[in-house]
Amino acid sequence: MQTRKASPDELNAIFWMGFDAWGEGLSPTEYLASCHASQKYRSGVWYVLIVGNQPVSSLIVYRDRFGLGQGCFGIGSLATAPAMRGQGFGAHLLRGVTGMLLDSPDAVATFLHADIDHHFYERLGYRRIPGGDCMYFSHRRPRYVGEPPTYF
């Protein structure tokens, strides 16, 4: 297994990982077009977990947007290819990317918005910010104080 930044030719595979959750009744062609046109998707950095030379899980990382403070990162769109779900690939990717981001000397915290079971993220060390679905992980701040970033 390898975690790395995604290449542009992997974007279709990445977008397909979330089609069943985020396709919102669009045709496959419309869904792919909307993903490629998304300013939000173009403003972040995509990461993939590679197994057997294929991306099996993906997520996007944001910085300096959505009310994220200095040294903070937003993680979004965590998805695993439907045929590969339930094998821990999403958790492995999230742990790896979170660790990589927080290894930077100026890093403070990572944030994500849980649109699935919060317990999945809590098992990975994320803590829920009271009053919403935003969660954070930090080695430097055991408790979060302040306004959570906007949804990314």
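Structure report, in brief. (Residues numbered from 1 in each chain as written. Predicted model: local features only at pLDDT ≥ 70, side-chain atom pairs only at ≥ 80, totals over all residues. Heavy atoms only, no water.)

### Quick word on the nonpolar core
Logical step 1: By size, the foremost hydrophobic cluster in this structure holds 23 residues, and its most contacted members are Leu59, Val61, Ile75, Leu94, Leu112, Tyr121 and Tyr126.
Logical step 2: Contributing elements (two or more residues each) for this core: strand 2 (45–51), strand 3 (54–63), strand 4 (72–80), helix 5 (89–102) and strand 7 (134–137).
Logical step 3: Ranked by the residues each element gives to this core, the list is headed by helix 5, at seven residues.
Logical step 4: Those residues in contact with Tyr121 that lie beyond four places of it in its chain are Leu78, Leu94, Leu112, Ala114, Ile116, Tyr126 and Met135.
Logical step 5: Leu32, Tyr41, Val108 and Phe111 belong to the second-largest nonpolar core, a separate cluster that totals 20 residues. (Core = buried A, V, L, I, M, F, W, Y, C linked by side-chain atoms within 4.5 Å. Buried < 20%, exposed > 50% of the residue type's maximum accessible area, 1.4 Å probe, protein only. Helix = DSSP H or I, 4+ residues; strand = E, 2+ residues; numbered from the N terminus. Contact = heavy atoms within 4.5 Å.)

### Re the environment of Tyr151
Logical step 1: Among the structural elements, Tyr151 can be located in the segment after strand 7.
Logical step 2: Given a relative accessible area of 48%, Tyr151 falls into the partly exposed group.
Logical step 3: In sequence terms Tyr151 and Cys134 are 17 residues apart; their C-alpha atoms lie 8.0 Å from each other.

### Concerning the sheet that holds strand 4
Logical step 1: One open sheet holds the seven strands; their spatial order is 1-2-3-4-5-7-6, and the pairing between them is mixed. The open sheet terminates on both sides in strands that have one partner only, identified here as strand 1 (2–5) and strand 6 (127–128).
Logical step 2: In the sheet, strand 3 pairs with strand 4 via six bridges, with the strands oriented antiparallel. Within strand 4, the residue paired with Ile60 across the bridge is Gly76.
Logical step 3: With respect to the sheet, helix 5 is in contact with strand 1, strand 2, strand 3, strand 4, strand 5 (109–113) and strand 7, its orientation differing from that of strand 3 by roughly 40°. (Pairing = 2+ DSSP bridges. Axes fitted to C-alpha atoms, helices over the stretch in contact; angles between N-to-C directions.)

### Things to note about helix 5
Logical step 1: Its 14 residues place the ends of helix 5 20 Å apart at the C-alpha level, agreeing with the 20 Å of an ideal helix rising 1.5 Å per residue.
Logical step 2: Within helix 5, burial applies to Phe89, Gly90, Ala91, Leu93, Leu94, Val97, Thr98, Leu101 and Leu102. (Expected span 1.5 Å × (residues − 1).)

### Let's talk about the pattern of salt bridges
Logical step 1: If you walk through the whole model with that rule in mind, you get three salt bridges.
Logical step 2: Taking the shortest distance from any N to any O, the salt bridge between Arg85 and Asp20 comes out at 2.7 Å. Taken together, the residues Arg85 in the loop between strand 4 and helix 5 and Asp20 in helix 2 (residues 19–22) connect sequence positions 65 residues apart.
Logical step 3: Given a relative accessible area of 37%, Arg85 falls into the partly exposed group. (Salt bridge = Lys/Arg side-chain N within 4 Å of Asp/Glu carboxyl O.)

### A look at unusual backbone geometry
Logical step 1: We note that Asn53 has phi near 70°; this positive angle belongs to a residue other than glycine.
Logical step 2: In the Ramachandran plot, Asp64 falls in the positive-phi region, its phi being about 65° despite a non-glycine side chain.
Logical step 3: Among the secondary structure elements, Asp64 is positioned in the loop between strand 3 and strand 4.
Logical step 4: Judged by relative accessible area, which is 62%, Asp64 ranks as exposed.

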